[in-house]
Amino acid sequence: MPRIPQHIIDQLIADTDIVDIISEYVSLTKAGSNYKARCPFHQEKTASFMVSPDKQIFHCFGCGAGGNVVSFLMKHDQSEFIDVIKKLANRLNIKLEFDEKKSTEDDTFELLYKVNAYAHWYFRTQGQQSQKVKTYIQNRGLNPETTALYDLGYAPDGFENLVPFFKTKKIPLSLASQLGLVKKGNRDNLYDFFRDRLMFPIHNVHGKIVGFGGRALQSDQEAKYLNSAESPIYHKNKELYGLYQAKKDIAQKKQAVVVEGYIDVLAAHQLGISNTVAPLGTSLTLDQVKKLKRFAPEIILMFDGDMAGVNAAQKAITTCFSAGIHPKLVILPNNLDPGDYLTNPQPSQSLTKAVAEAIFAMDWLLSTRIKKVTHETGSRAQIIREIAGWLGQIPDAIDQMEYKKKFCQYFDVTPNDIEKFVDITYESDSGVRPDEKAPPLEALLILCYLDDSALFPEGGLVALAKNFEDSRLRDLALHVESFLKNHETFEPAQAILDLPEALATILSKILLFLDDKSGSLDTAGCINKFQAMQKKKRLKEITSQILEAEVTKDTERKIALLKEKQDLLANRQ
Ligand SMILES: [Zn+2]
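Residues numbered from 1 in each chain as written. Predicted model: local features only at pLDDT ≥ 70, side-chain atom pairs only at ≥ 80, totals over all residues. Heavy atoms only, no water.

**Student:** Any chance you could explain the packing of helix H13 (residues 307–322) against helix H15 (residues 361–374) here in plain terms?
**Tutor:** A pair of packed helices is captured by two measures, namely the crossing angle of their axes and the spacing between those axes. The N-to-C vectors of H13 and H15 enclose an angle of 130°; their axes lie 11 Å apart at closest approach. What the angle tells us is that H13 and H15 run oblique. Note that H13 runs across H15; the crossing there is left-handed. Residues Val 310, Gln 314 and Ile 317 of H13 pack against Ala 361, Trp 364, Leu 365 and Arg 369 of H15. Classifying every residue of the contact of H13 with H15 gives 5 nonpolar, 1 polar and 1 charged. (Axes fitted to C-alpha atoms, helices over the stretch in contact; angles between N-to-C directions. Helix = DSSP H or I, 4+ residues; strand = E, 2+ residues; numbered from the N terminus. Parallel < 35°, antiparallel > 145°, perpendicular 65-115°, else oblique. Left-handed = near helix turned anticlockwise from the far one by under 90°. Contact = heavy atoms within 4.5 Å. Nonpolar A, V, L, I, M, F, W, Y, C, P; charged D, E, K, R; others polar.)

Listed below in structure tokens is the structure:
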């Protein structure tokens, strides 16, 4: 990936008017100092999508999308950062200069892609000539369109097929070795890594081949699947099999289906579920979920019904939760996998129907646990504790509240009981929730600081923020403070560039809130209120610590705590 110097990026953003760009996509109407529109990222009847010409940012108070002009184009066009920058440069007729020192690295990348492309050409040609491959594909019920779309090939049996091919094409074997296509033997000789295997090329999102998966065609071969080694162009934790072929449909259907393996992807696609991808021989990673999230808001996990499948599903649910997604789930019946839906006899229910009837992961977790309790196959206390843990991970506050209600009904417990097991975040007054119009006190403090940092006590925002309860606002405060250290003024559109997406949307939200209330920020009031809350919190802590000191007969500690309490109380009056 070529690197564009930061000052060029800053200049591009400064020279582009976000209002011009966004009005190419949605019709904006003036609302005070800002513009309003119906949000292009979610269905709505009344406009809650705001654009600020002063701050050069946008935010939707309906779905929470927000950021600067680059974030808008990345989200709207499903483009990579670099492509958006190129687009902006084109509009402004600016010629992009790339960092020279990076160019040798780019050359290496290009060479590695080329070597993979040659290998793929070789595998494909071999595949077309192999009766073994034809028979296997036929037996699996895969049709020629599907195998052509995924460009399958064949690595012939024997240790020296690809190596001599590379030699005749004058391809440096050192590169092939870097890609894991060839391996070094005992006598320093190089031999083929993939032998007698059906080859699945792995494309990156742009369609370049970054690696291969090879499936054994004989039952006595050592590993059923072999995968390319990690290389400068292939990171198995970041790529997704089938994403290149599925990305359009994923964006269109606003939904991605995740299955377990290569053949599952092909089978699902052939059966009409064209928005399907799979991780690459590992469990679904956070990077992979984040990548999918850029294309679609909904993820459906489709797993086999065996023990391994259920375990994989639970792992994947946790990963989706951490990425801010509540996934849906399909557990296929009778240990079937998607490939079984292609061969005879076919299961009575179609795969598309199974996908359409996918349920939210939390409903599945609840119902399976309830079964355990009613059949007394698990300890009630243990199960309640387990579910409480899951409940706490549900990313959306309202969603979480709904499931907590359900949980309380099923298990006949009170919300207070759950609180013992899990933080009830939705009752806390900190944190930016998508449903709230007014930012909480901690967010207001960040706004106040941007408004006039001189009004803050010594230590500035960071001194207060270290006591923030909402970790995202704590992080945001640190970013804001360090941005101000390195820049003379606070340019929101630039500050957003360095922020992770989750923080960028919070920043755009609270900044646009400020526009509505301009002039009405009560900095001193906010600081006082926050400090009073801190004091109250500390007093509560001290009270229980004093009790503790009494129980443990730690007189020295008790005296120190009493003194602290007196000081705090004296200070308050
Ligand atoms: Zn929206």
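Moving on from the coordinates now.
**Student:** Just checking my understanding: could you explain the coordination of the zinc ion for this structure?
**Tutor:** Angles between donor atoms at a metal ideally measure 109.5 degrees for a four-coordinate tetrahedral arrangement and either 90 or 180 degrees for a six-coordinate octahedral one. Surrounding the zinc ion are the protein donor atoms Cys 39 (SG), His 42 (ND1), Cys 60 (SG) and Cys 63 (SG), at 2.1 to 2.3 Å. Around the zinc ion, the 4 donor atoms are arranged such that angles at the metal cover 104 to 119°; this shape is classified as tetrahedral. Each donor residue of the zinc ion lies on one chain, and together they are spaced C-x2-H-x17-C-x2-C. Of the two residues, Cys 39 is situated in the loop between strand E2 (34–37) and strand E3 (49–52) and Cys 63 in the loop between strand E4 (57–60) and strand E5 (66–67); the sequence distance between them amounts to 24 residues. (Donors = N, O, S within 2.8 Å, 3.2 Å for Na, K, Ca; no water. Tetrahedral: all angles 85-135°; square planar, octahedral: opposite > 155°, others 65-115°.)

**Student:** What am I meant to see in the packing of aromatic side chains here?
**Tutor:** Ring pairs (aromatic) are described by centroid distance and by the angle formed between their planes. With the rule as written, the count across this model stands at 23 aromatic pairs. Arranged with centres 6.4 Å apart and planes meeting at 65°, the rings of Phe 321 and Trp 390 form a pair that is edge-to-face. Of this pair, Phe 321 sits in helix H13 while Trp 390 sits in helix H16 (residues 380–393), and the two are 69 residues apart along the sequence. Here Phe 321 falls in the buried class, since its relative accessible area comes to 4%. Taken together, a centroid distance of 4.9 Å and an interplanar angle of 80° make the contact between Tyr 449 and Phe 456 edge-to-face. You'll find Tyr 449 and Phe 456 in the same group, each marked buried. A network of ring pairs unites the aromatic residues Trp 121, Tyr 122, Phe 123, Phe 165, Phe 166 and Phe 212 as a single cluster. (Phe/Tyr/Trp six-rings, centres within 6.5 Å; stacked < 30°, edge-to-face > 60°. Buried < 20%, exposed > 50% of the residue type's maximum accessible area, 1.4 Å probe, protein only.)

**Student:** How should I be thinking about the side chain of His 203 in this particular structure?
**Tutor:** Here His 203 shows up in strand E9 (residues 197–203). The class for His 203 is buried, based on a relative accessible area of 10%. Those residues in contact with His 203, other than ones at most four positions away along the chain, are Lys 208, Ile 209, Val 210, Glu 239, Leu 240, Tyr 244 and Gln 245.

Note that all results are geometric; they support no functional claim without further evidence.
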